[in-house]
Amino acid sequence: MEWLTSLVDCFTIGDPVSKPPTGKQVCSNDNTSFTIKIKASNYSQGRIVEEDTINEGIKVKVECRKMWSTKCERLSLFQNRLIILIVIAFIIMHLMFYLTDEKLKTPERKSWEKVQYDKKFVLVTGGAGFVGHHVIMRLKQDNINVIGTDNFNDYYNVSLKYLRSNISGVVQHVDVCDLKKMTEIIATKKITHVIHLAAQAGVRYSLTNPQAYVKSNVECFVQLLETLKNTGIPLIYASSSSVYGKNTNIPFSEDHPVVQPASLYAATKRENELLAHVYWNLYKQRSVGLRFFTVYGPLGRPDMAYFSFAKNIFKGLPIPVFNFGKLSRDFTYIDDIVNGIIKCIDVKYDYEILNLGRGEPQSLMQFIKTIEDIAGKKAVLDFKEMVKGDVLVTYADVSKAKASIGYSPNVSLKDGLTRFISWYKLYSNQPK
Ligand SMILES: NC(=O)c1ccc[n+]([C@@H]2O[C@H](COP(=O)([O-])OP(=O)(O)OC[C@H]3O[C@@H](n4cnc5c(N)ncnc54)[C@H](O)[C@@H]3O)[C@@H](O)[C@H]2O)c1
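Quick notes on the rules
Residues numbered from 1 in each chain as written. Predicted model: local features only at pLDDT ≥ 70, side-chain atom pairs only at ≥ 80, totals over all residues. UniProt positions renumbered as here; feature names shortened; annotations may be inferred. Helix = DSSP H or I, 4+ residues; strand = E, 2+ residues; numbered from the N terminus. Expected span 1.5 Å × (residues − 1). Contact = placed C-beta atoms within 7 Å. Near = placed C-beta within 6 Å. Nonpolar A, V, L, I, M, F, W, Y, C, P; charged D, E, K, R; others polar. Axes fitted to C-alpha atoms, helices over the stretch in contact; angles between N-to-C directions. Parallel < 35°, antiparallel > 145°, perpendicular 65-115°, else oblique. Left-handed = near helix turned anticlockwise from the far one by under 90°. Pairing = 2+ DSSP bridges. Buried ≥ 20, exposed ≤ 12 C-beta atoms within 10 Å, placed from the backbone. Right-handed = clockwise from strand over helix to strand, strands pointing away.

### A few points about the UniProt feature "transmembrane region" (unreviewed entry) in the protein chain
Sequence positions flagged by UniProt for "transmembrane region" (unreviewed entry) are, in local numbering, residues 82-100 and 121-139. Along residues 121-139 the backbone is 53% helical and 26% strand, and the end-to-end C-alpha distance reaches 10 Å.

### Here we look at helix α12 (residues 413-429)
Taking 1.5 Å of rise per residue, the 17 residues of α12 would be expected to cover 24 Å, and the 24 Å separating its terminal C-alpha atoms lies within 8% of that figure. Contact partners of the buried residues in α12: β12 (295-296), α8 (305-315), β15 (332-333), β17 (362-363) and α10 (364-375).

### Topic: the site of the ligand
Within the structure, the ligand sits among 29 residues, and G126, G129, A198, A199 and A238 are positioned closest to it. Contributing elements (two or more residues each) for the shell around the ligand: α2 (130-141), β7 (145-150), α6 (210-228) and β10 (235-240). Residue classes in the shell around the ligand are distributed as 14 nonpolar, 11 polar and 4 charged.

### A closer look at the packing of helix α4 (residues 179-188) against α6
Angle between the axes and distance between the axes are the two parameters that describe a pair of packed helices. Put simply, α4 and α6 touch, their axes get as near as 10 Å, and they point 40 degrees apart. When the axis of α4 is compared with that of α6, the two are oblique. Crossing geometry of α4 relative to α6 is assigned as right-handed. Residues L179, M182, T183 and I186 of α4 touch α6, and the partners they reach there are Q223, L224, E226 and T227. Broken down by class, the residue content of the contact of α4 with α6 amounts to 4 nonpolar, 3 polar and 1 charged.

### What to know about the sheet that holds strand β8 (residues 171-173)
Taken together, the 7 strands give an open sheet; going across it, the order is β8-β7-β6-β9-β10-β11-β16, and neighbouring strands pair in parallel fashion. Lying at the two open borders of the sheet, with one neighbouring strand each, are β8 and β16 (351-356). Direction aside, neighbouring strands of the sheet carry axes that sit 20 degrees apart on average. Looking at chain direction, strand β9 (residues 193-196) and β10 are connected through 3 bridges and run parallel. Looking at β10, one finds that H196 is bridged to Y237. The sheet contacts of helix α9 (residues 334-343) involve β9, β10, β11 (287-292) and β16, and relative to β11 the element is tilted by about 170 degrees.

### Focus on the pairing of β7
The element β7 is largely enclosed, with a buried count of 5 among its 6 residues. Read as a crossover between parallel neighbours, the route from strand β6 (residues 121-125) over α2 to β7 is right-handed. Inspection of the sheet shows β7 paired to β8 by 3 bridges, in the parallel sense. Across the sheet, D150 pairs through a bridge with H173, a residue of β8.

Spelled out as structure tokens, the structure:
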């Protein structure tokens, strides 16, 4: 702190100081002149708070209080306000830059916003398959233009595939790997959405026929992405709960790491999700991968347990009960799955993954008992070891699908199996 030396009036502690002390002053009470030191800063108003005799005078400390009384001080006020304004402007500019920068980092990332389409024309691959058929029927019911494609392979009874395609009447014999034909359909029909359900399904078959999975699920998936890239057509595709593999953290959430597939089928389904991400990254190809959890229902797949169990129970044949019944599955009725798929048509996304399950796993033994109750017949149980590549439990966390697309599975296992068994009775009595 700087001290000024000046001669002023004779001050005593407590005296006010209202102007800068200048010139030689004589103390009024004893006519003695003093040299005093006054704390430099602001002399507008203050009080003497301390004094001390030095050489020939008194050292005086003045405690000053700002009054903004001088021209110079008014300028300081203006300057201060200017500085505050500049700081506020800087903060606002910084915030604006940050927000703009965020937008640049994630362009178009507005998943699940509703989208209005003037006209929709949906292409469903695997249209003669179980899920594909039900999706086509629902689109037709909703008066949405739809075309299906399928290669009608003989993984299971082809007559069932023809039965489905005869019912819908819109499925063409086209392989997804056929880039030329797929491109032609997309262009001539002015397709607005692709729902890709064609695949080599089934965990157990992948133990003996891995090439069929690599061909249909990986090679054809890349062909489809090649067909779609740069068209702006969004892709809705089937993934599977099997991607969770050896994950023991239940319920299975889309946030869980999926790095331990238990079967080749599961690995190809995970590959789909990774490839979809690559095409988003490179070409901004929008996609949503739907992880289905054990879908069942009328016109279902004969290779799946619920179908073969019903068949064998009615025929009085033994049913294989793997891992001695110590398995559970999140069985999901076909209509709930179809609702989830359809809800993805009218929303926006860039690259997304959703679980579509029931969110209520059932033990295998409970599942068998429910079929027995509905069928009114006891099953002959043939307990077996766990099959390689199978997993102990599947259990969907569907909170993301609920929040994003309003997915709401509402068909109980008992109701769903009752509908399936009613259909199965009619189907099995038909001449083949
Ligand atoms: N059903 C389930 O429980 C379940 C569970 C998880 C995931 N998925 C997946 O859902 C999708 C539909 O399953 P689904 O149960 O309807 O099976 P599905 O076998 O009944 O249907 C698949 C259809 O795709 C056809 N297909 C196979 N490869 C093809 C190709 N290269 N070109 C054209 N068509 C081809 C088949 O002929 C079949 O009709 C599949 O991707 C499957 O992996 C199903």
